Amino acid sequence: MCLRDYMLPPSVHIYPCSRVTWETFLTHFLCKLRGGAGSRSVGCPRTTRTSRSSRQVCEWKEPEELRRLLDLELRSEGEAAEQILARCREVIHYSVKTCHPHFFNQLFSGLDPHALAGRIVTESLNTSQYTYEIAPVFVLMEEEVLKKLRSLVGWSSGDGVFCPGGSISNMYAVNLARYQRYPDCKQRGLRALPPLALFASKECHYSIKKGAAFLGLGTDSVRVVKTDERGKMIPEDLERQISLAEAEGAVPFLVSATSGTTVLGAFDPLEAIADVCQHHGLWLHVDAAWGGSVLLSQTHRHLLDGIQRADSVAWNPHKLLTAGLQCSALLLRDTSNLLRRCHGSQASYLFQQDKFYDVALDTGDKVVQCGRRVDCLKLWLMWKAQGGQGLERRVDQAFALAWYLVEELKKREGFELIMEPEFVNVCFWFVPPSLRGKQESPDYSERLAKVAPVLKERMVKEGSMMIGYQPHGTRGNFFRMVVANPALTRADMDFLLNELERLGQDL
Ligand SMILES: Cc1ncc(COP(=O)(O)O)c(C=O)c1O
């Protein structure tokens, strides 16, 4: 075996002793997943759909039993190839099938086959996204992909970087806003800062508070802005919170608006919020981790009107676009090299300034990580295959199916919608037969809140589907259906309703 065998030109065999080359592997893989060469189907690959109903979403095991079944202990002797293969089968068997059309549990479901092919190539090449020297293709590709995402936001220039998830993208935004106002804090830390205040709505993602804690600002620095009955930030209350913070001696520096809130799928009114930020000179961050992909849809992108006025945007193509975990972009309007100034430390062993190429291409000093995964290829390859139009169809299809579900849900006796959705989060209660018509009973809400956890246990133990539930404000537990998987059809929406009725018929 020579060094060449470890590289990945198309003609190299997957294993030095195998007859299968990477090229044939990927060709067969893509063909299979796409249901035949040349297929441009936006939905689930045909091969997957035919076998889907025969497979469970999950096979529940109690932790002790699962530990025993998996034989997790690491020993000093290695195992034979067949045993290793059997172990892979077990891992797959007992893992939750998040690409299954009946996995509605998270804001991600499904995986585009081209994105998966991109991930296989990324994993095989095993490089780090920090220097042009060792990731020439990916440095240029990341630049291009970020440029495309920025253009959808409405910016013709700017900066950005792929981060390990939306929570980290949000955290970067807070750190950048703070650094821009107090550049001294990079060296002097918290000693350089007055008490700061940032603002986010009651419905914002929990990563905003986590980020504030992690960055040494403290969770108390996050001022919670009221939302209206649909879960949208109220700009007048934002004004009020800013005045209150100032009166208490804090210095406001950032507002984090949300485009697509986690539970209700609400879009904050960005134009009005941008006006407030402009008036007070505050950094506007838009957490569009969930809703950013709506920018691809000519029909629905109005939900994010005003996003072009933001200073930074977090957008997770691994959610609605099914690019696969993780794919999260932090986009910036800044053209002053803020990212690099804020995070750079010029490690001389890696970012030598006397290299033989343009060192601006060594993007690794823009981030707080050293080694960084390649997250652009999966999105780039998927975009190449589907085209912007294919992705737009996907987003539109998700909206259409969510609306179909709402209409069907209204026709059935045992379902109560929390509110008309504006996105693809459909929130509702399942009201079991024993509670129907009992809305006036004093313990109705308490009993209704107990229904979702029981149904969740039943569905997981049967492995028939997975859907999330939560309490929210004064509302007891309700289901949050997420229509994200491009493989979904109306039949899956009907299945969801039928299955809840079946699971809850004796309650
Ligand atoms: C609105 C919003 N922002 C941020 C995040 C965090 O993204 P990640 O899970 O990639 O950290 C989520 C996750 O669901 C989210 O819904």
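Parameters at a glance
- Residues numbered from 1 in each chain as written.
- Predicted model: local features only at pLDDT ≥ 70, side-chain atom pairs only at ≥ 80, totals over all residues.
- Heavy atoms only, no water.
- UniProt positions renumbered as here; feature names shortened; annotations may be inferred.
- Pairing = 2+ DSSP bridges.
- Helix = DSSP H or I, 4+ residues; strand = E, 2+ residues; numbered from the N terminus.
- Axes fitted to C-alpha atoms, helices over the stretch in contact; angles between N-to-C directions.
- Buried < 20%, exposed > 50% of the residue type's maximum accessible area, 1.4 Å probe, protein only.
- Contact = heavy atoms within 4.5 Å.
- Polar contact = N/O pair within 3.5 Å; in protein donor to acceptor, adjacent residues only side chain to side chain.
- Left-handed = near helix turned anticlockwise from the far one by under 90°.
- Nonpolar A, V, L, I, M, F, W, Y, C, P; charged D, E, K, R; others polar.
- Salt bridge = Lys/Arg side-chain N within 4 Å of Asp/Glu carboxyl O.
- Core = buried A, V, L, I, M, F, W, Y, C linked by side-chain atoms within 4.5 Å.
- Disulfide = S-S within 2.5 Å.
- Near = heavy atom within 4 Å.
- Areas by Shrake-Rupley, 256 points an atom, 1.4 Å probe, with all protein chains shown as cover.

- Per an unreviewed UniProt entry, the recorded name for the chain is Cysteine sulfinic acid decarboxylase isoform X1, and the organism is Enhydra lutris kenyoni.
- Note on the chain: under the UniProt heading Subunit (unreviewed entry), the record states "Homodimer."

1. A short note on the sheet that holds strand β8 (residues 328-332)
Right, so step 1: Ordered in space as β2-β8-β7-β6-β5-β3-β4, the 7 strands form an open sheet in which the pairing is mixed. Looking at the sheet topology across the chains shown, the edges are occupied by β2 (159-163) and β4 (222-225). Neighbouring strand axes in the sheet, compared pairwise and without regard to direction, differ in orientation by 20° on average.
Right, so step 2: Direction of pairing for strand β5 (residues 251-258) relative to strand β6 (residues 283-288): parallel, over a ladder of 5 bridges.

2. Section: the environment of Asp 375
Right, so step 1: With respect to the helices, strands and loops of the structure, Asp 375 is situated in the loop between α12 (338-343) and α13 (376-411).
Right, so step 2: The class of Asp 375 is buried, set by a relative accessible area of 5%.
Right, so step 3: Once the C-alpha coordinates of Asp 375 and Gly 324 are considered, the two residues, 51 residues apart in sequence, prove to be 9.3 Å apart.
Right, so step 4: Beyond its immediate stretch of four places on either side in the chain, Asp 375 contacts Gln 129, Phe 162, Cys 163, Gln 326 and Cys 327.
Right, so step 5: Looking at Asp 375, its side chain comes within polar contact range of the side chain of Lys 378, at 3.0 Å.

3. Quick notes on the UniProt feature "modified residue: N6-(pyridoxal phosphate)lysine" (unreviewed entry) in the chain
Right, so step 1: Listed under "modified residue: N6-(pyridoxal phosphate)lysine" (unreviewed entry) in the UniProt record, and renumbered for this structure, are Lys 319.
Right, so step 2: Relative to the helices and strands, Lys 319 is located in the loop between β7 (312-315) and β8.
Right, so step 3: In this structure Lys 319 comes out as buried when scored by relative accessible area, which is 16%.
Right, so step 4: Apart from residues no more than four positions distant in its own chain, Lys 319 is found in contact with Leu 107, Phe 108, Ala 289 and Trp 290.

4. Some thoughts on the packing of helix α6 (residues 136-153) against α13
Right, so step 1: At a minimum axis distance of 9 Å, the contact between α6 and α13 shows a crossing angle of 65°. Here α6 and α13 pass one another in a crossing that is left-handed. Taking contact as the criterion, the partners of Phe 138, Met 141, Glu 142, Val 145, Lys 148, Leu 149 and Leu 152 in α6 are, on α13, Cys 376, Leu 377, Leu 379, Trp 380 and Trp 383.
Right, so step 2: Of the residues assigned to the contact of α6 with α13, the class counts are 10 nonpolar, no polar and 2 charged.

5. A look at the pattern of salt bridges
Where charged atoms from two side chains of opposite charge approach closely, those side chains can pair.
Right, so step 1: For the structure shown, the criterion picks out 33 salt bridges.
Right, so step 2: A salt bridge links Arg 75 to Glu 73; the shortest N-O distance between them is 4.0 Å.
Right, so step 3: Its salt-bridge partner being Arg 223, residue Glu 248 comes within 2.9 Å of it at the nearest N-O pair. Taken as a pair, Glu 248 in the loop between α10 (235-247) and β5 and Arg 223 in strand β4 lie far apart in primary sequence, 25 residues in all.
Right, so step 4: The class of Arg 223 is buried, set by a relative accessible area of 16%.
Right, so step 5: Residues joined in a network through salt bridges with shared partners are Asp 71, Glu 73, Arg 75, Glu 79 and Arg 87.

6. Considerations on the nonpolar core
Right, so step 1: Counting 108 residues, the largest nonpolar core has Val 313, Leu 379, Phe 428, Met 481, Leu 496 and Leu 500 as the members making the most contacts within it.
Right, so step 2: Looking at which element gives the most residues to this core, the answer is α13, with 15 residues.
Right, so step 3: Residues in contact with Met 481, not counting those within four places in the same chain, are Phe 104, Leu 405, Val 424, Asn 425, Val 426, Phe 428, Ile 467, Met 493 and Leu 496.
Right, so step 4: Judged by nonpolar contacts, the second largest core, of 31 residues, contains Tyr 179, Ala 212, Leu 332 and Val 367.

7. Comments concerning the state of the cysteines
Right, so step 1: Inspection of the entire model under this criterion finds 0 disulfides.
Right, so step 2: The thiol sulfur of Cys 376 is not disulfide-bonded, and the nearest other cysteine sulfur, from Cys 327, lies at 8.3 Å.

8. As for the sheet that holds strand β10 (residues 425-430)
Right, so step 1: As summarised here, the arrangement of the 5 strands in space is β1-β11-β12-β10-β9, forming an open sheet in which the pairing is mixed. Edge strands, defined here as strands with exactly one partner in the open sheet, are β1 (103-104) and β9 (415-417).
Right, so step 2: Where helix α15 (residues 451-462) meets the sheet, its contacts fall on β10, β11 (466-472) and β12 (475-482), and the angle it forms with β11 comes to roughly 160°.
Right, so step 3: Set on the sheet, helix α16 (residues 490-504) makes contact with β1, β9, β10, β11 and β12; between it and β10 the angle comes to about 25°.

9. Things to note about the site of the ligand
Right, so step 1: Near the ligand you find 13 residues, and of these Gly 166, Ser 167, Thr 262, Asp 287 and Asn 316 are the closest.
Right, so step 2: Between Asp 287 and the ligand, the recorded distance is 2.7 Å, taken from a side-chain N or O atom to a nitrogen atom.
Right, so step 3: Asn 316 has a polar side-chain atom sitting 2.9 Å from an oxygen atom of the ligand.
Right, so step 4: In the complex, the protein chains occlude 85% of the 400 Å² of accessible area that the ligand would expose alone.

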